[in-house]
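Each chain, written out:
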Amino acid sequence: GQQLNQSPQSMFIQEGEDVSMNCTSSSIFNTWLWYKQDPGEGPVLLIALYKAGELTSNGRLTAQFGITRKDSFLNISASIPSDVGIYFCAGPKRAGGTSYGKLTFGQGTILTVHP
Amino acid sequence: GAGVSQSPSNKVTEKGKDVELRCDPISGHTALYWYRQSLGQGLEFLIYFQGNSAPDKSGLPSDRFSAERTGGSVSTLTIQRTQQEDSAVYLCASSYQQGAELFGPGTRLTVL
């Protein structure tokens, strides 16, 4: 099945710094999703991407759908302490699938923000 | 509330016992999903319900795992004869047919 490789595995940054993380796949995805998970909670959807090359922002978050359809990145600008958590990329489990459901998840990026 | 709810939030059981985990999806969502998250890991797909279609059970790790969804709403995930390797957080999500999945808070299962 498809594998999503997410990097870095963890990041330790100072408050105010910008953050970048990415996700790559050996298979084409037609949808990319980015989630954040706080301790003891379920993942919360941050950004959904539907089209190759698409660049979408949600507040201080920006995500892009790579033009090869095999990668995506998430940027967080001017980080704050509440950005702490685990960030996951995800895509439909079926290769090239455009529909949601049966998501494949990356391994996650653990973000720590020092005040 | 308007989100996906799951119960119990925590469950501790002894090896060999059966457990039932419950998920209440968002009202109006036709699709419901169960995932498992082991400590420090990403999410592993288990089973998917969409409307009245037969569920996609391709992610269930063994025949000890089963799930049903009654009336197109509430779902129950059942694990029979639990093993220690079943210890994990079990997450439920729901969505509209073509919508992004929204997750509940999860049930943390510990098998002693």
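Residues numbered from 1 in each chain as written. Chains lettered and ligands numbered in written order. Predicted model: local features only at pLDDT ≥ 70, side-chain atom pairs only at ≥ 80, totals over all residues. Heavy atoms only, no water.

Comments concerning the overall build of chain B
- Regarding its fold elements, chain B presents zero helices and 10 strands.
- Its helices and strands taken in sequence order, chain B reads β-β-β-β-β-β-β-β-β-β from the N to the C terminus.
- In summary, chain B has a C-alpha radius of gyration of 13 Å against a globular reference of 13 Å for 112 residues, a match within 12%.
- Judged by the C-alpha coordinates and their principal axes, chain B covers about 40 × 30 × 25 Å.
- A total of 112 residues make up chain B; the buried ones form 49% of that total.
- The long-range share in chain B, meaning contacts at least 24 apart out of those at least 6 apart in sequence, stands at 54%.
- When the accessible surface of chain B is totalled, it reaches about 5400 Å², and 46% of it is carbon and sulfur.
- One finds the centroid of the 10 positive side-chain charges in chain B at a distance of 3 Å from the centroid of its 11 negative side-chain charges. (Helix = DSSP H or I, 4+ residues; strand = E, 2+ residues; numbered from the N terminus. Rg over C-alpha atoms; globule rule 2.2 N^0.38 Å. Buried < 20%, exposed > 50% of the residue type's maximum accessible area, 1.4 Å probe, protein only. Contact = heavy atoms within 4.5 Å. Areas by Shrake-Rupley, 256 points an atom, 1.4 Å probe, with all protein chains shown as cover. Lys, Arg positive; Asp, Glu negative; His and termini not counted. Charge placed at Lys NZ, Arg CZ, Asp CG, Glu CD.)

Overview of the state of the cysteines
- Here the structure, examined in full by the defined rule, presents two disulfides over all chains.
- Disulfide partner of A:Cys23: A:Cys89, at an S-S distance of 1.8 Å. Here the S-S torsion is close to 40°, and the disulfide linking A:Cys23 with A:Cys89 is therefore right-handed. Linking A:Cys23 in strand β3 (residues 19-25) with A:Cys89 in strand β9 (residues 85-92), this pair joins segments that are 66 residues apart in sequence. Assigned by exposure class, A:Cys23 and A:Cys89 land together as buried.
- Across the disulfide, B:Cys23 is cross-linked to B:Cys92 (sulfur-sulfur distance 1.9 Å). (Disulfide = S-S within 2.5 Å.)

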